[in-house]
Amino acid sequence: MTVPTSSLKFDPTTTEGQAISRLFRECKSIEDGDGGWNGADTVELVCDFFIRLGIDINRGDYQVDAVPPQAVSPEADPDTVSELLSAHEKFTTNGYPTGNEGFFYAEPDSDRFADFTLLTFPTASAGRVRTAMSVLRAAGYTAAEQAPITPEAAIRTVRVDAGVLRALPDDAPTTERAARLLLDAGFTQHHDTSDRPPAVSHSTPTPVIWRPGWVQIDVTAPRITGRDAREECARAIATTLNDVGWRVDVRGTETLHTTPPPAESTTAPTKPTPEPAGEPELVPADVIASVHNVLDHNWTKEQLDYDKQDPEDQKHHIANDLNRIARHWDLYRV
């Protein structure tokens, strides 16, 4: 008698393995003569399988994440959302005081296929609405500002859905770390680059090819949005990043580069290398002045030419050398 070789990719002696084995046996027990499994019976068996493993089939897939989420929101009904937001000192649902930016009211959704709440802020500034979205997101909600009714509309609305705030991995790349900082601060990221966003947003942070460790962020907005609103968002993004120690290089009124603070060293400090005997060789003052003049003469032209090149040609462009010299003597913010 030949014993078949096992090809199992799980251990049937563990709790999880026993649950998988039980599910397979139960599915085989309902198998039809043609080898098929009844759909309704199979669904019931799979649901029981998850329940036996401690999974609540009525809750989200965050239950099976290796790292627990930071927050899971309550239901997104108007009463629950209003109670949570109005508990913050900057917001209220009581009355309609003239000029009170924190006043808001909540309405249930009008979509019979979705459960969400619409918050309306009659007089709130862009910054105040970002604060509201920051508070809601910290509680696990998904909050997104909606498009204005008209170009002149001062009323702002925010859609709030139930959601999950997942933890950011310790080894997350700079692009994801930057996006998460702005998400937590209440900014809205616009993922679809093929179309304009419904409200003032920022692009997905992308690596800057010629600046290792830096990412680029652009403000994006509907065509009807004025320049003041776009520039306000760009300044607020820069301030948010600076406040947590990130370096920010403003590349235009609506574009910036940013990089996180250097990681703290976990190694013991090494003893300084003794200075060599004798006087160090200094660069003469007239040579330094000449370097300054060369940079001033070529900077703008070469930088513009660099931006027009494809990534492969940029690797060998003279702008890289100009940047290296400027960084060495801290001549420009590059």
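Look above for the structure.
Just so it is clear, the model here is predicted, and its values are computed rather than measured.

Enquirer: Kindly report on the overall build of the protein, identifying the contributing residues and their values.
Expert: Along its length, the protein carries nine helices and 12 strands. Scored against the burial criterion, the 334 residues of the protein give a buried share of 32%. Of the roughly 21,700 Å² that the protein leaves accessible, carbon and sulfur atoms contribute 53%.

Enquirer: I'd like to hear about the side chain of Arg 180, residue by residue, with values.
Expert: Within the secondary structure, Arg 180 is located in helix α5 (residues 174-184). Residue classification places Arg 180 among the buried positions, given a relative accessible area of 12%. A distance of 3.1 Å separates the side chain of Arg 180 from the side chain of Gln 70, its partner in a polar contact. Once residues within four sequence positions are removed from consideration, Arg 180 is found in contact with Gln 70, Leu 165, Arg 166, Ala 167 and Leu 168.

Enquirer: Outline the pairing of strand β11 (residues 247-252), supporting the account with residue identities and numerical values.
Expert: Direction of pairing for β11 relative to strand β12 (residues 255-259): antiparallel, over a ladder of five bridges. Bridging across to β12, Val 250 finds its partner in Leu 256. A loop of two residues connects β11 with β12, the two strands running antiparallel in sequence.

Enquirer: Please give an account of the environment of Asn 38 that cites residues and values.
Expert: Turning to its location among the elements, Asn 38 is positioned in the loop between α1 (15-29) and α2 (39-52). Under the relative-accessibility criterion, Asn 38 is labelled partly exposed at 35%. Between the C-alpha atom of Asn 38 and that of Cys 27, which follows or precedes it by 11 residues, the distance is 9.1 Å. Not counting chain neighbours up to four residues away, the residues in contact with Asn 38 comprise Ile 30 and Asp 32.

Enquirer: So what's going on with the nonpolar core? Which residues, and what values?
Expert: Counting 18 residues, the largest nonpolar core has Leu 85, Leu 119, Phe 121, Leu 136, Tyr 141, Val 158 and Val 160 as its most contacted members. For this core, the elements supplying multiple residues, two or more each, are α3 (78-86), β3 (116-121), α4 (126-138) and β5 (156-161). Beyond its immediate sequence surroundings of up to four residues, Leu 119 is in contact with Val 81, Leu 85, Phe 104, Tyr 105, Ala 106, Leu 136, Arg 156, Thr 157, Val 158 and Val 160. With 15 residues, the next largest nonpolar core counts Ala 178, Cys 233, Ala 236 and Leu 241 among its residues.

Enquirer: Lay out the packing of aromatic side chains with the relevant residues and their values.
Expert: Tallied over the full model, the rule gives four aromatic pairs. Aromatic pair Phe 49 and Phe 50: ring centres 5.4 Å apart, planes at 50 degrees, arrangement tilted. Both rings, one in Phe 103 and one in Tyr 105, keep their centres 6.4 Å apart while their planes meet at 50 degrees; by these two values the pair is tilted. On the basis of relative accessible area, Phe 103 is assigned to the buried category, the value being 8%. Taken together through their ring pairs, the aromatic side chains of Phe 91, Phe 104 and Phe 121 make up a single cluster. Over the face of the ring belonging to Phe 116 we find Arg 159, whose NZ or CZ atom lies 3.7 Å from the ring centre. The positively charged end of Arg 211 is found above the aromatic ring belonging to Trp 214, 3.9 Å away from the centroid.

Rules behind the numbers
- Residues numbered from 1 in each chain as written.
- Predicted model: local features only at pLDDT ≥ 70, side-chain atom pairs only at ≥ 80, totals over all residues.
- Heavy atoms only, no water.
- Helix = DSSP H or I, 4+ residues; strand = E, 2+ residues; numbered from the N terminus.
- Buried < 20%, exposed > 50% of the residue type's maximum accessible area, 1.4 Å probe, protein only.
- Areas by Shrake-Rupley, 256 points an atom, 1.4 Å probe, with all protein chains shown as cover.
- Polar contact = N/O pair within 3.5 Å; in protein donor to acceptor, adjacent residues only side chain to side chain.
- Contact = heavy atoms within 4.5 Å.
- Pairing = 2+ DSSP bridges.
- Core = buried A, V, L, I, M, F, W, Y, C linked by side-chain atoms within 4.5 Å.
- Phe/Tyr/Trp six-rings, centres within 6.5 Å; stacked < 30°, edge-to-face > 60°.
- Lys NZ or Arg CZ within 6 Å of the ring centre and 35° of its normal.

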